[in-house]
2 protein chains.
Amino acid sequence: MTADELSKVFQALADPTRRDMVARLASGDASVGELAAPYDVSVQAVSKHLKVLEGAGLVTRSREAQRRPVHLEAEVFDLMTKWIERYRRAAEERFARLDAVLAAEAKPIAEDNPIGESA
Amino acid sequence: MTADELSKVFQALADPTRRDMVARLASGDASVGELAAPYDVSVQAVSKHLKVLEGAGLVTRSREAQRRPVHLEAEVFDLMTKWIERYRRAAEERFARLDAVLAAEAKPIAEDNPIGESA
DNA sequence: ATCGTTGTGAACCAAATGGTTGACAACGCG
DNA sequence: CGCGTTGTCAACCATTTGGTTCACAACGAT
């Protein structure tokens, strides 16, 4: 459903610079210039990064004279968390079940183990 | 520290096909062919996707005759969850604090609001 | 030993990504 | 008004990405 949205969010956070910007925005809004300062790239590059983050719904930009304060939108994080938790839980449950099965049958298995090079 | 690792994980999950593969692997291991079946792409393309997922530590591949069963590794999810939760919490706390401030000063603010076009 | 199945490797291609520079719009201030 | 500041847009470039096809390795089965 939100497949495309989710892709954009993950894509946006796949870049270390963008992730760092998000981290800094978590403690307060900032202007483009302020955001750009720590990095060794042009302001234009940072502007592009912001467009990606905005496209993913991770930040919003308002207007204040020439400034364009950037604001972090925390809600979108829920999208990711939900996705992650869903499948992690499934995988972990399956793991637990496997554990139980292995414990229950303390049986042959190993002797005619069909899995080669499991050594 | 895990900056590069985290980038790879987010990057890996930014692709819908890869995300779907992870979703399916959450309910059990599968061979490359099985994984490829639902998609309208070549087996080679799926093999590439698996290499990306493996590089991110999201899956491991063993050997069973010609088969290469793919197994989901749930632990890596923690990395993401930790990152996300950390900044989401910060952002939400800040939001709550702002709320409190606004509630406390039911004051002017609006009249000499420096933010243009806030309307 | 040969054949079919399963999967990987390599070369190639179009599109997207992240960066650059140059031009310019929007705004406050002298 | 004209100027400096702040930021975006556009064109361009190198690299990466996701896909293809062809070739081949690894293994079971006949």
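Refer to the structure presented above.
Here's what I pulled together on the structure shown here. (Residues numbered from 1 in each chain as written. Chains lettered and ligands numbered in written order. Predicted model: local features only at pLDDT ≥ 70, side-chain atom pairs only at ≥ 80, totals over all residues. Heavy atoms only, no water.)

## Topic: the overall build of chain A
Piece 1. Across its full length, chain A carries 5 helices and 2 strands.
Piece 2. The N-to-C order of helical and strand elements in chain A reads α-α-α-α-β-β-α.
Piece 3. The buried share of chain A, reckoned over its 119 residues, is 37%.
Piece 4. Within chain A, contacts between residues separated by at least 24 positions form 47% of all contacts whose residues are at least 6 apart in sequence.
Piece 5. Carbon and sulfur atoms form 52% of the exposed surface of chain A, whose accessible area is close to 7,200 Å². (Helix = DSSP H or I, 4+ residues; strand = E, 2+ residues; numbered from the N terminus. Buried < 20%, exposed > 50% of the residue type's maximum accessible area, 1.4 Å probe, protein only. Contact = heavy atoms within 4.5 Å. Areas by Shrake-Rupley, 256 points an atom, 1.4 Å probe, with all protein chains shown as cover.)

## A closer look at the protein's contact with DNA strand D
Piece 1. The local shell around DNA strand D holds 20 residues, among which A:Ser47, A:Arg61, B:Gln44, B:Lys48 and B:His49 are the closest.
Piece 2. When the atoms of DNA strand D within 4 Å of the protein are sorted by group, sugar and phosphate make up 63%.
Piece 3. At a separation of 2.4 Å, a phosphate oxygen of DNA strand D approaches a polar side-chain atom of A:Ser47.
Piece 4. Between DNA strand D and B:Arg18 there is a distance of 3.0 Å, counted from a phosphate oxygen to a side-chain nitrogen or oxygen.
Piece 5. Among the elements of the structure, α3 (32-36) and α4 (43-55) of chain A together with α4 (43-55) of chain B are those that each provide at least two residues to the surface near DNA strand D.
Piece 6. The element that contributes the greatest number of residues to the surface near DNA strand D is α4(B), accounting for 4 residues.
Piece 7. Grouping the amino acids of the surface near DNA strand D by side-chain chemistry returns 4 nonpolar, 9 polar and 7 charged. (Near = heavy atom within 4 Å. Polar contact = N/O pair within 3.5 Å; in protein donor to acceptor, adjacent residues only side chain to side chain. Nonpolar A, V, L, I, M, F, W, Y, C, P; charged D, E, K, R; others polar.)

## Examining the pattern of salt bridges
Piece 1. Per the counting criterion, the structure on display carries 10 salt bridges over all chains.
Piece 2. One salt bridge connects A:Glu85 with A:Arg89, and the closest N-O pair in it is separated by 3.4 Å. Residue A:Glu85 and its partner A:Arg89 are located together in helix α5 (residues 75-104), separated by 4 residues, close to a single helical turn.
Piece 3. Overall, A:Glu85 belongs to the buried group, its relative accessible area being 16%.
Piece 4. On the basis of relative accessibility, which here comes to 46%, the residue A:Arg89 falls in the partly exposed class.
Piece 5. Salt bridges sharing common partners tie together A:Asp78, B:Glu85, B:Arg88 and B:Arg89. (Salt bridge = Lys/Arg side-chain N within 4 Å of Asp/Glu carboxyl O.)

## Focus on the packing of aromatic side chains
Each pair of aromatic rings is reported with the distance of its centres and the angle of its planes.
Piece 1. Overall, the coordinates contain 6 aromatic pairs over all chains when judged by the stated rule.
Piece 2. Ring centres of A:Phe10 and B:Phe10 lie 6.1 Å apart, and the angle between their planes is 40 degrees; this geometry places the pair in the tilted category. Of this pair, A:Phe10 sits in helix α1 (residues 3-13) while B:Phe10 sits in helix α1 (residues 3-13), placing the two residues on different chains. B:Phe10 carries the same exposure label as A:Phe10, and that label is buried.
Piece 3. Taking 6.5 Å as the distance between ring centres and 20 degrees as the angle between the ring planes, the aromatic pair formed by A:Phe77 and B:Trp83 counts as stacked. Placement of A:Phe77 in helix α5 and of B:Trp83 in helix α5 (residues 75-104) is noted, with the two residues assigned to different chains. Each member of the pair, A:Phe77 as well as B:Trp83, carries the same accessibility label: buried. (Phe/Tyr/Trp six-rings, centres within 6.5 Å; stacked < 30°, edge-to-face > 60°.)

## Regarding the packing of helix α2 (residues 16-25) of chain B against α4(B)
Residues and elements named next belong to chain B.
Piece 1. Put simply, α2 and α4 touch, their axes get as near as 10 Å, and they point 75 degrees apart. In terms of their interaxial angle, α2 and α4 are classed as roughly perpendicular. Every residue of α4 that contacts α2 at Thr17, Arg18, Met21 and Val22 is listed here: Val46, His49, Val52 and Leu53.
Piece 2. For the contact of α2 with α4, the per-class residue count stands at 5 nonpolar, 2 polar and 1 charged. (Axes fitted to C-alpha atoms, helices over the stretch in contact; angles between N-to-C directions. Parallel < 35°, antiparallel > 145°, perpendicular 65-115°, else oblique.)

## A closer look at the protein's contact with DNA strand C
Piece 1. Surveying the vicinity of DNA strand C reveals 19 residues, the closest of which are A:Gln44, A:Lys48, A:His49, B:Ser47 and B:Arg61.
Piece 2. Between DNA strand C and the protein, one listed contact pairs a phosphate oxygen with a side-chain N or O atom of A:Arg18 at 3.0 Å.
Piece 3. For DNA strand C, a base oxygen lies 2.7 Å from a polar atom in the side chain of A:Gln44.
Piece 4. Broken down by secondary-structure element, the contributors of at least two residues to the surface near DNA strand C are α4 of chain A together with α3 (32-36) and α4 of chain B.
Piece 5. Per-element accounting of the surface near DNA strand C gives the leading share, 4 residues, to α4(A).
Piece 6. When grouped by side-chain class, the residues that make up the surface near DNA strand C number 4 nonpolar, 9 polar and 6 charged.

Nothing here speaks to function; it is all geometry.
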